4 protein chains.
Amino acid sequence: MAEFNFQGKKVYYETYGAGEPILLLNGIMMATKGWAPFIENFSQNNQLILVDFFDQGQSERMTEPYDFSIQTALLGGLLDTLKLDSVNVCGISYGAKVGVDFAVNNPKRVRRLLSFNGAARMPPLLAEISKSWNEAAKLEGGMAYYLATIPVIYSDIFYERQRAWMDKRQELLVPYFGFPGVKEPLVRLTNSMMTFDVVDKLSALDMPVLVVTGKNDNLIPQREQEIMVNSIKNAQHVILPECGHASMFEKPMLFSSLILGFVNSKNSEFAV
Amino acid sequence: MAEFNFQGKKVYYETYGAGEPILLLNGIMMATKGWAPFIENFSQNNQLILVDFFDQGQSERMTEPYDFSIQTALLGGLLDTLKLDSVNVCGISYGAKVGVDFAVNNPKRVRRLLSFNGAARMPPLLAEISKSWNEAAKLEGGMAYYLATIPVIYSDIFYERQRAWMDKRQELLVPYFGFPGVKEPLVRLTNSMMTFDVVDKLSALDMPVLVVTGKNDNLIPQREQEIMVNSIKNAQHVILPECGHASMFEKPMLFSSLILGFVNSKNSEFAV
Amino acid sequence: MAEFNFQGKKVYYETYGAGEPILLLNGIMMATKGWAPFIENFSQNNQLILVDFFDQGQSERMTEPYDFSIQTALLGGLLDTLKLDSVNVCGISYGAKVGVDFAVNNPKRVRRLLSFNGAARMPPLLAEISKSWNEAAKLEGGMAYYLATIPVIYSDIFYERQRAWMDKRQELLVPYFGFPGVKEPLVRLTNSMMTFDVVDKLSALDMPVLVVTGKNDNLIPQREQEIMVNSIKNAQHVILPECGHASMFEKPMLFSSLILGFVNSKNSEFAV
Amino acid sequence: MAEFNFQGKKVYYETYGAGEPILLLNGIMMATKGWAPFIENFSQNNQLILVDFFDQGQSERMTEPYDFSIQTALLGGLLDTLKLDSVNVCGISYGAKVGVDFAVNNPKRVRRLLSFNGAARMPPLLAEISKSWNEAAKLEGGMAYYLATIPVIYSDIFYERQRAWMDKRQELLVPYFGFPGVKEPLVRLTNSMMTFDVVDKLSALDMPVLVVTGKNDNLIPQREQEIMVNSIKNAQHVILPECGHASMFEKPMLFSSLILGFVNSKNSEFAV
């Protein structure tokens, strides 16, 4: 519903409600409109901020390859536009990576950091799997790209139990991926994170951090996420059983509860 | 700060704040005053209700053996006293067992149910371990009872990393357990849950339920807690790594976040 | 080094040594010659039998789509050829599926059954992932097929620690997959298992069964393999940490030890 | 069936069969005769060596407190007596600790090292739990000692599924622990390991090492055993699901298979 210019390019964002602010960062194939089912819940006692990264949703399409850091920089522009010194930063997958990148580069602007299905670097195996997505993007139509990307995102149990939901998703996504101009931005987004690595900077973080791991996340597995838990002095760790890489879809009630609880919990240290 | 009579016996309770009500139920060796570090957080936007079970804190000491069900019944009296039709019920360990017992017997009075380190029955192995606590209670002084009960409650990692905290706890608890009249109520509380089993009634529950498991809980291990997760149709499950049976002490920030988030999350189903 | 005809088609096999016989069944992209590093170990006190399934190694290439059951039937022909009433059947991945199919259809011919990274059905998520392999097979050259199939087979930790090994594998496999006639049989093999499901027949098995699961197996995850463990009355279960779907490459010493130990252990029940 | 003198004290041992030698080391409450169900299996192609530590079985009862290292030293005397330069050393629990102590002090005498439910130090939490055993030993009769020690050794699932076996065990052990002179040696054995710690010496080990962990081992949990896995360069790790601290009783077929397989596997490195 609003936009601003960053480095001469349009950035689309939305805000809702008032209170302790939550900046919610999209996964790679998401856009602001995908958060519709969560808006009421996240804005009843909080200010909710949604944003499309470059090459996502209603933000500017890029024409050249770019580095991950432009997405991080964009967030600084967004906070300036909103005249917010600091916010709670909560991201999932690609958004979780941008979130931790923003936190290590702008620690004063992050009150609390929440990472769902995230990492502090591009995991080597995920880098290789991502290349297979880009290979599939070369094929005509949307099916090959759908099959290369979507099934590995979900846990096997979700895939089996929520088969009707998955089938409906396939009906929507296969034609969508087949539209002209849809796969190219996804390939650029994928490529933008290939060299991301801020592991060495994690020990400097001192805001409260929540790391939420899907126990069956095949793309960013538990061991990778534990790198963050073990490197950040004030990190809390939660495991969601029977959950893959898409925790907001696979476990929406837990996704919501963890965000609302961690952001709105008054004290973060307890003299118990 | 307040009390009422239930079946001719005094029940002590405390209430704080206003809003969506949270009834917080003690573990076996706890009392209302142990929740002091959590009160401000839980009452800022919610009504917090604390209560001592019979044989705990400032509630009546019993003279005869009794059944678990009297503790459950007491909660009905408490809600009547507070003129509350229903509340969110959140218990840990013994309190989680009473909580689930209350929910299966009074489903209309439980808006949401939260179980930390809980079970829907007395696990067979815990029943046997509990007997060793009662054996240790026969020995003079507080050391044998301390050693039999406290170390197995915590995860090995907490025990090692928070050694100063554990040592201080030992300094407090060993003399405390040695005072005349302290071990007897604990033995009665322990015995009261020996035959508890509501597993067969879980499938009737339809309020949102959150089951939180310490990954290193030696007393009520993951498999036991999964009985609840698998039997309750609307159950959400969270695992806390590096956490034993005392999640409120071992992971206070997560304990608090999960309660505040799950109780205050507006919708519990998402059309994602 | 030897061959026989089954239903008019050539089957290639090899045998080594003498003793309690071990029939070792290939994964989908394997062939008898891939077992070279294991032959000495497995044949020092045992008869080792290797075989190429149809569309593998030196066995006959198929021209039409076919069903999984022909691979199972082929094993009966092999035992007849070798004049062996029964053997210990040990398979990995595709071979583990054929192995369990052979066991439920020929229980008298299986002394002990060993499943590495296997399942008793085509897991629904793997079926979908497999389709993406077949999409990738449509692209020119071997790179797309390599990227679609190989990285998801290994655990993230193996992928990172054994990077030189993986790079060398890529050097070999990318040109190999690009050769004319290489991808087609792999697509047929993949398709042959799509409808496989013998879960309902597992309870009839009563030979000793060993199920070995890579803790980080993304293709046939732990939950899927536990279906076998929970359905077979005499099943033993082992988890290999830091191991993905290719246990024979990722953990060759444990792969070998478990086979030699389970096959050669004299009694399978203990009056302890 | 045989004995030798070590530092003026009697050591009892037994040997069976011939071949690659397996020295099997008792847990704290075990003795050579407890291995009866395993002897045939372990001696069919191997030389099996059983031994009672001081204060166990038919070896000498001690009169003063002693240090763990005397048990380690005793093993050197045993190998000298048997005129064996080196053996495969396999221990469980207390025996696994002695085994790793022997390996770091006598690396040339250990061909391969196998640790079941073991550790390279006295884990801090186990040290505290052990003190509760010694408190329970002060009570008359065998029940308190039984309840303090035995239930925590088994997994909750074994305890529930093998209830008849556990009840029979209780029938045997309660009177046994009550006999005069039975608890005192157990207390001394417990005390002997209190200060054991060779973690810093693990990196020097270069024989093949197998670490087998019961997933539900409450006494020496997975994290503790991973210290060995991560510190020893040539360590292999296996997890046994639904298994506690008594793997030889809870999973005898896997216990046996892993020993026979790991000891008799010809090569320990594979050029795969």
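A brief look at the structure comes next.

The rules behind the values
- Residues numbered from 1 in each chain as written.
- Chains lettered and ligands numbered in written order.
- Predicted model: local features only at pLDDT ≥ 70, side-chain atom pairs only at ≥ 80, totals over all residues.
- Heavy atoms only, no water.
- Least-squares fit on C-alpha atoms with pLDDT ≥ 70 in both.
- Contact = heavy atoms within 4.5 Å.
- Axes fitted to C-alpha atoms, helices over the stretch in contact; angles between N-to-C directions.
- Helix = DSSP H or I, 4+ residues; strand = E, 2+ residues; numbered from the N terminus.
- Parallel < 35°, antiparallel > 145°, perpendicular 65-115°, else oblique.
- Left-handed = near helix turned anticlockwise from the far one by under 90°.
- Nonpolar A, V, L, I, M, F, W, Y, C, P; charged D, E, K, R; others polar.
- Buried area = accessible area lost by both parts, 1.4 Å probe.
- Salt bridge = Lys/Arg side-chain N within 4 Å of Asp/Glu carboxyl O.
- Polar contact = N/O pair within 3.5 Å; in protein donor to acceptor, adjacent residues only side chain to side chain.
- Expected span 1.5 Å × (residues − 1).
- Buried < 20%, exposed > 50% of the residue type's maximum accessible area, 1.4 Å probe, protein only.
- Pairing = 2+ DSSP bridges.
- Phe/Tyr/Trp six-rings, centres within 6.5 Å; stacked < 30°, edge-to-face > 60°.

**Details of the relation of the copies chain A and chain B**
Here's step 1: For the pair chain A and chain B, the relating rotation is 180°, the translation along its axis is 0.0 Å, and the fit reaches an RMSD of 0.0 Å. These values place the two chain copies in the arrangement generated by a two-fold rotation axis. In terms of C-alpha distance to the rotation axis, chain A has Gly 261 of chain A as its closest residue, with the C-alpha 1.8 Å off the axis.
Here's step 2: Of the interface residues in chain A, 100% have counterparts in chain B that sit at the interface too, so the contact is made through matching surfaces.

**Description of the packing of helix α1 (residues 36-43) of chain C against helix α11 (residues 252-264) of chain C**
All names here are of chain C.
Here's step 1: In contact at an axis separation of 11 Å, α1 and α11 are set at 30° when each is read in the N-to-C sense. In terms of orientation, α1 lies roughly parallel with respect to α11. The hand of the α1/α11 crossing is right-handed. Contacts between α1 and α11 involve Phe 38, Asn 41 and Phe 42 from the first element and Pro 252, Phe 255, Ser 256, Ile 259 and Leu 260 from the second.
Here's step 2: In terms of residue class, the contact of α1 with α11 is made up of 6 nonpolar, 2 polar and no charged.

**What about the interface of chain A and chain C?**
Here's step 1: If you look at the interface, chain A gives 29 residues, while chain C gives 29 residues.
Here's step 2: Summed over both partners, the interface of chain A with chain C comes to about 2600 Å²; 61% of that surface belongs to carbon and sulfur atoms.
Here's step 3: Scanning the region where chain A abuts chain C turns up 8 salt bridges.
Here's step 4: Here Arg 223 of chain A ties to Glu 160 of chain C by a salt bridge, and the two come within 3.0 Å at their closest N and O atoms.
Here's step 5: Taken together, chain A and chain C are joined by 8 residue pairs in polar contact (both at pLDDT 80 or more).
Here's step 6: Secondary-structure elements contributing two or more residues to the side of chain A that touches chain C are α4 (124-136), α5 (143-149), α6 (156-161) and α7 (163-178) of chain A.
Here's step 7: The greatest single-element share of the side of chain A that touches chain C, amounting to 7 residues, is contributed by α4 of chain A.
Here's step 8: Residues belonging to the side of chain A that touches chain C are distributed by class as follows: 15 nonpolar, 4 polar and 10 charged.

**Describing the interface of chain A and chain B**
Here's step 1: If you look at the interface, chain A gives 34 residues, while chain B gives 34 residues.
Here's step 2: When chain A packs against chain B, close to 3100 Å² is buried across both sides, 65% of that on carbon and sulfur atoms.
Here's step 3: Of the charged contacts, one joins Lys 266 of chain A and Glu 40 of chain B as a salt bridge, the two residues approaching to 3.3 Å between their closest N and O atoms.
Here's step 4: Taken together, the connections running from chain A to chain B amount to 9 residue pairs in polar contact (both at pLDDT 80 or more).
Here's step 5: Of all the secondary structure elements, the ones that give two or more residues to the side of chain A that touches chain B are α1 (36-43), β8 (235-240), α10 (247-250) and α11 (252-264) of chain A.
Here's step 6: Per-element tally for the side of chain A that touches chain B: the top contributor is α11 of chain A, with 10 residues.

**As for helix α7 (residues 163-178) of chain D**
All names here are of chain D.
Here's step 1: Between the first and last C-alpha of α7 there are 22 Å, a value that for 16 residues agrees with the 22 Å anticipated at 1.5 Å per step.
Here's step 2: What α7 keeps buried is the set Trp 165, Met 166, Leu 173, Val 174 and Phe 177.
Here's step 3: Contacts made by the buried residues of α7 are with α5 (143-149), α6 (156-161), α8 (183-192) and α10 (247-250).

**As for the pairing of strand β4 (residues 46-51) of chain A**
All names here are of chain A.
Here's step 1: The buried count for β4 comes to 6 of 6 residues, which makes it a mostly enclosed element.
Here's step 2: The side-chain alternation of β4 yields two buried faces, one formed by Asn 46, Leu 48 and Leu 50 and the other by Gln 47, Ile 49 and Val 51.
Here's step 3: Pairing between strand β2 (residues 9-16) and β4: 4 bridges, direction antiparallel. In the sheet register, Tyr 16 faces β4, and the bridge partner there is Leu 48.
Here's step 4: Bridging between strand β3 (residues 20-25) and β4 involves 6 bridges; their strand directions are parallel.

**Quick notes on the relation of the copies chain A and chain C**
Here's step 1: For these two chains of identical sequence, chain A goes onto chain C by a turn of 180° and a shift of 0.0 Å along the axis, with RMSD 0.0 Å.
Here's step 2: Mapped onto chain C, 100% of the interface residues of chain A again fall at the interface, so both copies present the same surface.

**Observations regarding the pairing of strand β7 (residues 209-214) of chain D**
In summary, the side chains of a regular strand alternate between the two faces of the sheet.
All names here are of chain D.
Here's step 1: The buried fraction of β7 amounts to 6 of the 6 residues, a majority that puts the element mostly inside the structure.
Here's step 2: Burial of the side chains of β7 extends over both faces: Val 209, Val 211 and Thr 213 are buried on one face and Leu 210, Val 212 and Gly 214 on the other.
Here's step 3: Sheet analysis places strand β6 (residues 110-116) next to β7, joined by 4 bridges and oriented parallel. For Phe 116, the partnering residue across the bridge sits in β7 and is Val 212.
Here's step 4: In terms of strand pairing, β7 meets strand β8 (residues 235-240) through 6 bridges, oriented parallel.

**So, the packing of α4 of chain A against helix α8 (residues 183-192) of chain A**
All names here are of chain A.
Here's step 1: The contact between α4 and α8 brings their axes to 10 Å, and the two run at 160°. With respect to α8, the axis of α4 lies roughly antiparallel. Along this stretch, α4 crosses α8, giving a crossing that reads as left-handed. Of the residues in α8, those touching α4 at Ser 130, Trp 133 and Asn 134 are Val 187, Thr 190 and Asn 191.
Here's step 2: Partitioned by chemical class, the residues of the contact of α4 with α8 number 2 nonpolar, 4 polar and no charged.

**Details of the pattern of salt bridges**
Here's step 1: Inspection of every chain in the model, using the stated rule, returns 56 salt bridges over all chains.
Here's step 2: Close ionic contact of Asp 55 of chain D with Arg 188 of chain D constitutes a salt bridge, the shortest N to O distance being 2.8 Å. Taken together, the positions of Asp 55 of chain D in the loop between β4 (46-51) and α2 (69-81) and Arg 188 of chain D in helix α8 put the pair 133 residues apart, joining distant regions of the chain.
Here's step 3: When salt bridges with common partners are traced through the structure, they connect Arg 121, Arg 223 and Glu 224 of chain A together with Asp 156 and Glu 160 of chain C into a single cluster.

**Some details on helix α1 (residues 36-43) of chain B**
Here's step 1: Those residues of α1 of chain B that sit buried are Phe 38, Ile 39, Asn 41, Phe 42 and Ser 43 of chain B.
Here's step 2: Contact partners of the buried residues in α1 of chain B: α11 of chain A together with β2 (9-16), β3 (20-25), β4 (46-51), α10 (247-250) and α11 (252-264) of chain B.

**Description of the packing of aromatic side chains**
Here's step 1: Overall, the coordinates contain 68 aromatic pairs over all chains when judged by the stated rule.
Here's step 2: Judged by centre distance (5.7 Å) and plane angle (70°), the ring pair of Phe 53 of chain B and Tyr 94 of chain B falls under edge-to-face. Here Tyr 94 of chain B lies in helix α3 (residues 94-105) and Phe 53 of chain B lies in the loop between β4 and α2 (69-81), a separation of 41 residues in the sequence. Of the two residues, Phe 53 of chain B and Tyr 94 of chain B, neither departs from the other in class, the shared state being buried.
Here's step 3: Pairing Tyr 154 of chain D with Trp 165 of chain D gives two aromatic rings, centres 5.8 Å apart and planes at 65°, and the pair type is edge-to-face. Of this pair, Tyr 154 of chain D sits in the loop between α5 and α6 while Trp 165 of chain D sits in helix α7; the two residues are 11 residues apart in sequence, bridging distant segments of the chain. Here Tyr 154 of chain D matches Trp 165 of chain D in class, with each residue buried.
Here's step 4: Among the aromatic side chains, those forming a connected cluster through ring pairs are Trp 35, Phe 38, Phe 42, Phe 116 and Phe 255 of chain A.

**Observations concerning the environment of Val 187 of chain A**
Residue and element names in this part refer to chain A.
Here's step 1: As for its placement among the helices and strands, Val 187 is situated in helix α8.
Here's step 2: For the pair Val 187 and Pro 252, spaced 65 residues apart in sequence, the C-alpha to C-alpha distance is 27 Å.
Here's step 3: Setting aside chain neighbours within four positions, we find Val 187 in contact with Asn 134 and Ala 137.

**Some remarks on unusual backbone geometry**
Here's step 1: One non-glycine residue, Lys 83 of chain A, adopts positive backbone phi at about 55°.
Here's step 2: Checked against the element boundaries, Lys 83 of chain A lands in the loop between α2 (69-81) and β5 (87-92).
Here's step 3: When its relative accessible area of 73% is taken as the criterion, Lys 83 of chain A is described as exposed.
Here's step 4: The phi torsion at Glu 242 of chain B lies on the positive side, around 55°, for a residue other than glycine.
Here's step 5: Looking at the element boundaries, Glu 242 of chain B is found in the loop between β8 (235-240) and α10.
Here's step 6: According to the relative accessible area criterion, Glu 242 of chain B is partly exposed, its value standing at 30%.

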